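Examining the three-dimensional arrangement
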Amino acid sequence: MAKLHVSTTINGEPTEFLCEANDSMLDVLRGPLGLTGSKEGCGSGDCGACSIMLDDRLVCSCLMLAAEAEDSDITTIEGMAVGEKLHPLQQKFLELAALQCGICTPGVLVASKALLERNLNPTETEVRYWLAGNLCRCTGYDKIVRAVLDTAAEMREAAQ
Amino acid sequence: MNETSNKWIGQNTIRPDGADKVTGRAAYGADTTMPGMIWGSVLRSPHPHARIRSIDTSKAEALPGVKAVITAKDIVEFPLDKSVVLGIQDMRWMCRNVMAREKALFHGHPVAAVAATTEAIAAEACKLIDVDYEVLPWVIEIEDAIKPGAPLLHDFIQFEGKPSNIAGTLEHKLGDIDAGFAQADVVIERSFTTRPVHQGYIETHACLVSVSADGKTTIWSSSQGQFMVRAMTSLLTGLPQSSIRAIPAEIGGGFGGKTIVYLEPLATVLSKKSGRPVKMVMSREEVMRATGPTSGSMSTVKIGATKDGKIVAAQGTYYLQAGAFPGSPIRGAAGCAFAPYDIPNVISRGFDVVSNRSKVAAYRAPGAPIGAYAVECVLDEIAEALKIDPLDLRIQNAAREGTKAAHGPVYPRIGLLETMEAARAHPHYKAPLGKFQGRGVASGFWFNAGGESSAQVNITEDGNVVVTTGHPDIGGSRAAIANIAAELLGIDYRRVSVLIGDTATVGYSNLTGGSRVLFASAIVVTESAEQVIGQLKARAAKVWGISADAVVWENGEARPSGDHTGNFPTMTLAEIAAKASETGGPIGAGVQLNTTGAEGGFSTHICDVEVDVELGIVSVLRYTSFQDVGRAVHPAYVEGQIQGGAAQGIGWALNEEYIYNKDGKVDNPGFLDYRMPVCSDLPMLDAVMIEIPNPKHPQGVRGVGEVPLVPVMAAVANAVHSALGKRFYSLPMSPPKVLEGLDEGTLQAAE
Ligand code: FES
Ligand code: FES
């Protein structure tokens, strides 16, 4: 079967790719597009390691067909820092040691950024439920939750 | 080195690999490609137990795009009658685990593998392989496997002179057990079961292997030890170790589960046969069916104490599931179980039971959490029977310097008592509890390991530092190594870059396991740095024309001392480096050692739970771990180990378990049904670090990675008992089990 041609925007760059009808967005990101920052922990929507933004929606890229990317605006972990400047969440994760092995980190960061874009003043419980789809086996989540809450506080302050 | 003078040791510095990990740049096992690369896929047994009569691969080989097909005959065989041991693994089992030989021993056991130009073709080709199986009766659970007449996995296993699934035993003995129980005023004996649980690393196993025409092999893979990968691949493929370069990818979690190989030897043989680089990546389902987990267990513990609370005798019997091949962690279960206590009369026994499930792999203090679960629950019942506070009972009986443990050693200075006393004094222990809420405590021990490590410390021409060690960094060890090197050399930690070498670029270094990485690498890095400092002083002395003995190294500078004090301006590291070629050439040193003196780790935990009596859900409300960490070189990553261990233990206690269907297959091989704790399941996890420096280590380091898991299941179980007045003797305490246990009487009493 002929491959599908898809035109989309990834991390601000107009991008074209060819894919099979049954390729997931994660397959294409990690394969032909070489964006391996999104990870595959399960391929079934249960771990969140593949989290990306599809327009303004947080999605598991393993559950999204690559063909659905047509005419959309996709942001992956690779699009989070601006040049050398880390996003405040990335910086805070480093400062608070909110990663151990780091395999969950791209997904957790993408999801956390999506949260703060909606709610810059989340409670601990809100952070915990928002990130409930992002498995981390190393940290017990403590430092992740603290890093998100601290970043939110700093971003609120900076916004004033 | 005294504490107050430390500039970097004890600081939460930014890890050297951090920026790459928060930007998605870090390359893990599945993140690399090579030109001409093709894909490998594994055909797995659909039966839990079957004799393999024959395998016909011809149709698969004929499929366009298929480049190689392999079966057990392509893997080096280690005959059953001669044990060849590598670390804690026996190659007789390893060769049969990576590829089924005479029999398939569990559902998911590899029987063949294919390499093809695409993943889809490789998967398609697997379906074309014809395996003629003679399906055999199978057995999964321990109680079934040790019954007379149970299906037997291996003809060569004998127990008490008869064919059996009990593959090995171990016994630790101290004093006179009968005399001990005779002195007891209260004796409590209980039996417990735990279920197998998976390590649950989020990164699945993955590798990329290229074998060139002359046999030179490059392995890129995610593991807990590139040298283990090299050695096992060499043994299983027949390639000499000198031909194999194993490069450690970043590793996305291991917890013990990546201390053995699954894919690397297969990919190597496929690459050799096809002449192409071969990439293999497991699916989560393959991980759940065919890798890890740790053992399920059946245990009985009997403890006797006098009425004033002195424990006089203790007996433990632990049956652990090994999976398809011998080798369950009975040493950890039977050896660690009573280790926190000074008990004069002990018998602790372990039985290694094979059954038709995947071969167990190490999981964070292998066996020890199983041992502690039973002991710490029975201790709680003893405390209750004697009306003694459970922490007071533990404090009264705590092992201390000079205590002889049943598993052998006499303890040097240890910090167990300090963990218990800190717990008793902590506000958590006195905080009020509400209805259906309860509090539990438990302690635990893990051996910790030393072993082989290598390091190279080089001074760059511009006066900065590159440290290379040989242990994959799973939890921030590079950051701690940077702290130590910066401290010793007296420079900013940002000037130290820490790398993990591959097997061709750094000396032999044993696994990232046994809580050994910082303990051992700190020793070799310290010795290397000291040699470098010696060289730096000698170079400055040469420039100044004085004796090297007259030079001191301070704050990153050489300074003349004694009679020469003040005679020359100090020389910085950068200044000495700039003159290196004139003063004797490159500056650097490497040290390779078999380190000793790791000394055990102890911790004590307090857990508060609340039980939702309508749904049977147990929630952890508050959790505090108190651990003797020796010296926290990078405190945030030490806390991280403690918190992560608590989270894994909470999962083990409350939810995680393998569920088998009636056909002997795992019914929940994914994260939806194999329910690990998610963010909303947990509270903040408090870690109280107690620093009793290990006297046998230059920085006082003790292993910290594993003991955080040891007490958790018992602490949670004791908390549930305190909330409900009812004890569950089997894990997990999952909602259906808790609901079933909640009869009217229990509920009324708990209210
Ligand atoms: S890989 Fe997409 S949710 Fe796990
Ligand atoms: S840091 Fe390892 S899974 Fe989150």
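See the structure printed just above.
Report follows, based on the coordinates. From a predicted model like this one, the values you see are computed outputs, not experimental measurements. (Residues numbered from 1 in each chain as written. Chains lettered and ligands numbered in written order. Predicted model: local features only at pLDDT ≥ 70, side-chain atom pairs only at ≥ 80, totals over all residues. Heavy atoms only, no water.)

**Here's the deal with the interface of chain A and chain B**
Going by this rule: Only heavy atoms matter for contacts: two residues are in contact if any of them lie within 4.5 Å across the pair. The term buried area refers to how much accessible surface (probe radius 1.4 Å) is lost by two components on association, counted for both of them together. Salt bridges are defined by distance alone: a side-chain nitrogen of Lys or Arg within 4 Å of a carboxyl oxygen of Asp or Glu. Pairs of N or O atoms within 3.5 Å make up the polar contacts considered here, provided that, within protein, one atom can donate a hydrogen while the other can accept it, and that residues adjacent in sequence are counted only when both atoms are side-chain atoms. A run of H or I in DSSP counts as a helix once it spans at least four residues, and a run of E counts as a strand once it spans at least two, with each numbered from the N terminus. All residues other than Ala, Val, Leu, Ile, Met, Phe, Trp, Tyr, Cys, Pro, Asp, Glu, Lys and Arg, Gly among them, are scored as polar; the first ten of these are nonpolar and the last four charged.
Taken together, the contacts link 42 residues of chain A with 50 residues of chain B. Interface area for chain A against chain B, summed over the two sides, is near 3,800 Å², with a carbon-plus-sulfur share of 60%. The largest share of the area that chain A buries against chain B comes from Leu-94, Gln-100 and Arg-137 of chain A, three residues that together contribute 22% of it. On inspection of chain A and its partner chain B, the count reaches 4 salt bridges. Where chain A meets chain B, there are 22 residue pairs in polar contact (both at pLDDT 80 or more). Elements with a minimum of two residues in the side of chain A that touches chain B: α2 (88-95), α3 (105-118), α4 (124-130) and α5 (142-159) of chain A. Its residues assigned to classes, the side of chain A that touches chain B shows 21 nonpolar, 9 polar and 12 charged.

**As for the pairing of strand β24 (residues 551-554) of chain B**
Residue and element names in this part refer to chain B. So the rule is basically this: Only protein chains enter the accessibility calculation, which uses a 1.4 Å probe; a residue is then buried when its area is under 20% of its type maximum, exposed when over 50%, and partly exposed in between. For two strands to pair, DSSP has to find at least two bridges joining them.
In β24, alternate side chains face the same way, and those of Val-551 and Trp-553 are buried while those of Val-552 and Glu-554 on the opposite face are not. When β24 meets strand β25 (residues 557-560), the two strands line up antiparallel, connected through 4 bridges. Following the sheet pairing, Glu-554 is matched in β25 by Glu-557. Once β24 ends, the chain turns through 2 residues before running back antiparallel as β25, passing Asn-555 with a positive phi of about 50 degrees.

**Topic: the side chain of His-107 of chain B**
Residues and elements named next belong to chain B. As for its placement among the helices and strands, His-107 is situated in the loop between β6 (103-104) and β7 (110-116). Since its relative accessible area comes to 14%, His-107 is described here as buried. Setting aside residues up to four positions removed in sequence, His-107 forms contacts with Ser-45, Pro-46, His-47, Pro-48, Arg-289, Gly-664 and Lys-665.

**Re the sheet that holds strand β4 (residues 57-60) of chain A**
All names here are of chain A. Basically, it comes down to this: Note on definitions: angles span 0 to 180 degrees between N-to-C directions of axes, and those axes are lines fitted to C-alpha atoms, for helices only across the stretch in contact.
Spatial ordering of the open sheet is given by β2-β1-β5-β3-β4, a layout of 5 strands whose pairing is mixed. Each of the sheet's edge strands pairs with one partner strand only, and the pair in question is β2 (13-19) and β4. The average undirected angle you get between the axes of adjacent strands in this sheet is 40 degrees. As paired strands, strand β3 (residues 51-54) and β4 are joined by 4 bridges and run antiparallel to one another. Paired with Leu-54 across the two strands is Arg-57, which belongs to β4. Each of β3 and β4 touches α3; the most contacted strand, β3, lies at about 40 degrees to it.

**Re unusual backbone geometry**
Note on backbone geometry: most residues besides glycine have negative phi, and most peptide bonds are trans. Residue and element names in this part refer to chain B. With omega at -5 degrees, the peptide bond leading from Leu-731 into Pro-732 counts as cis. For Phe-255, which is not a glycine, the phi torsion comes out positive at approximately 55 degrees. When you line up the elements, Phe-255 lands in the loop between β15 (244-248) and α8 (264-274). One non-glycine residue, Arg-364, adopts positive backbone phi at about 25 degrees. Checked against the element boundaries, Arg-364 lands in the loop between β19 (345-354) and α11 (368-386).

**A word on the side chain of Ser-61 of chain A**
Residue and element names in this part refer to chain A. Considering the arrangement of structural elements, one finds Ser-61 in the loop between β4 and β5 (73-75). Ser-61 sits in the buried class, given a relative accessible area of 0%. If near-sequence neighbours (up to four positions away) are discounted, Ser-61 is found in contact with Ser-24, Met-25, Leu-26, Leu-29, Cys-50 and Ile-52.

**Some points on the sheet that holds strand β20 (residues 437-446) of chain B**
Residue and element names in this part refer to chain B. Ordered in space as β20-β28-β29-β30, the 4 strands form an open sheet in which the pairing is mixed. Only two strands of the sheet have a single partner each, and these edge strands are β20 and β30 (685-690). For this sheet, the mean angle separating the axes of adjacent strands, direction not counted, is 20 degrees. For strand β29 (residues 617-628) and β30, the ladder comprises 6 bridges, and the chain directions are parallel. The residue bridging Tyr-623 from the neighbouring strand is Leu-685, located in β30.

**Observations concerning the packing of α3 of chain A against α5 of chain A**
All names here are of chain A. Put simply, the test is: Put simply, angles under 35 degrees are roughly parallel, angles over 145 are roughly antiparallel, angles from 65 to 115 are roughly perpendicular, and the rest are oblique. With the far helix as reference, a near helix turned anticlockwise by less than a right angle produces a left-handed crossing, and one turned clockwise produces a right-handed crossing.
Orientation of α3 relative to α5, taken along the N-to-C sense of each, is 40 degrees, at an axis distance of 11 Å. Between α3 and α5, the angle falls in the class oblique. Like other packed secondary-structure pairs, α3 and α5 cross with a definite hand, here right-handed. Along the contact surface, α3 presents Val-108, Ser-112, Leu-115 and Leu-116, while α5 presents Ile-144, Val-148, Thr-151, Ala-152 and Met-155. When the residues that make up the contact of α3 with α5 are grouped by side-chain class, the tally is 7 nonpolar, 2 polar and no charged.

**Focus on the pattern of salt bridges**
Residues and elements named next belong to chain B. Counted by the stated rule, this structure contains 48 salt bridges over all chains. Salt-bridge contacts for Glu-691 lead to Arg-631; the nearest nitrogen and oxygen are separated by 3.9 Å. Placement of the pair is Glu-691 in the loop between β30 and α20 (712-724) and Arg-631 in the loop between β29 and α19 (635-654), with a sequence separation of 60 residues. For Glu-691, a relative accessible area of 34% puts it in the partly exposed group. Judged by relative accessible area, Arg-631 falls into the buried class, the value being 13%. A single salt-bridge network, built from bridges that share partners, covers Arg-15, Asp-17, Lys-21, Glu-250, Asp-473 and Arg-478.

**Structural notes on α5 of chain A**
The cut-off we apply is this: An expected span of 1.5 Å times one less than the residue number is assigned to each helix.
End to end, α5 of chain A covers 26 Å across 18 residues, agreeing with the expected 26 Å (1.5 Å per residue, within 8%). For α5 of chain A, the full list of buried residues reads Asp-142, Lys-143, Ile-144, Val-145, Ala-147, Val-148, Thr-151 and Ala-152 of chain A. Where the residues of α5 of chain A are buried, they touch α2, α3 and α4 of chain A together with α19 and β30 of chain B.

**Some words on the environment of Ala-589 of chain B**
Residues and elements named next belong to chain B. Note that Ala-589 resides in strand β27 (residues 588-595). Ala-589 sits 258 residues away from Arg-331 along the chain, and the two C-alpha atoms are 38 Å apart. Sequence-distant contacts of Ala-589, that is, excluding residues within four places in its chain, are made with Ala-455, Gln-456, Val-457, Asn-458, Ser-528, Gln-531, Val-532 and Gln-535.

**What about the packing of aromatic side chains?**
Residues and elements named next belong to chain B. Note the following rule: Between rings of Phe, Tyr and Trp, where Trp is taken as its six-membered ring, a pair exists when centres lie within 6.5 Å; planes separated by under 30 degrees are stacked, by over 60 edge-to-face, and by other angles tilted. Any Lys NZ or Arg CZ found within 6 Å of a ring centre and within 35 degrees of that ring's normal is scored as a charge over the ring.
Within the structure shown, the criterion is met by 16 aromatic pairs over all chains. When the centroid spacing of 5.2 Å and the interplanar angle of 70 degrees are considered together, the rings of Phe-192 and Tyr-373 count as edge-to-face. Taken as a pair, Phe-192 in strand β12 (residues 186-194) and Tyr-373 in helix α11 lie far apart in primary sequence, 181 residues in all. The pair formed by Phe-192 and Tyr-373 is uniform in burial state, with each residue classed as buried. Judged by centre distance (5.7 Å) and plane angle (90 degrees), the rings of Phe-445 and Phe-447 are edge-to-face. Relative accessible area serves as the criterion here: at 3%, Phe-445 is assigned to the buried category. A residue is classified by how much of its surface remains accessible, and Phe-447, at 13% relative accessible area, is buried. Taken together through their ring pairs, the aromatic side chains of Tyr-411, Phe-445, Trp-446, Phe-447 and Phe-602 make up a single cluster. The ring of Phe-181 has Lys-302 sitting right over it, with the charged end atom 4.4 Å from the ring centre. Note that Arg-331 overlies the ring of Phe-447, its terminal NZ or CZ placed 4.3 Å from the centroid.

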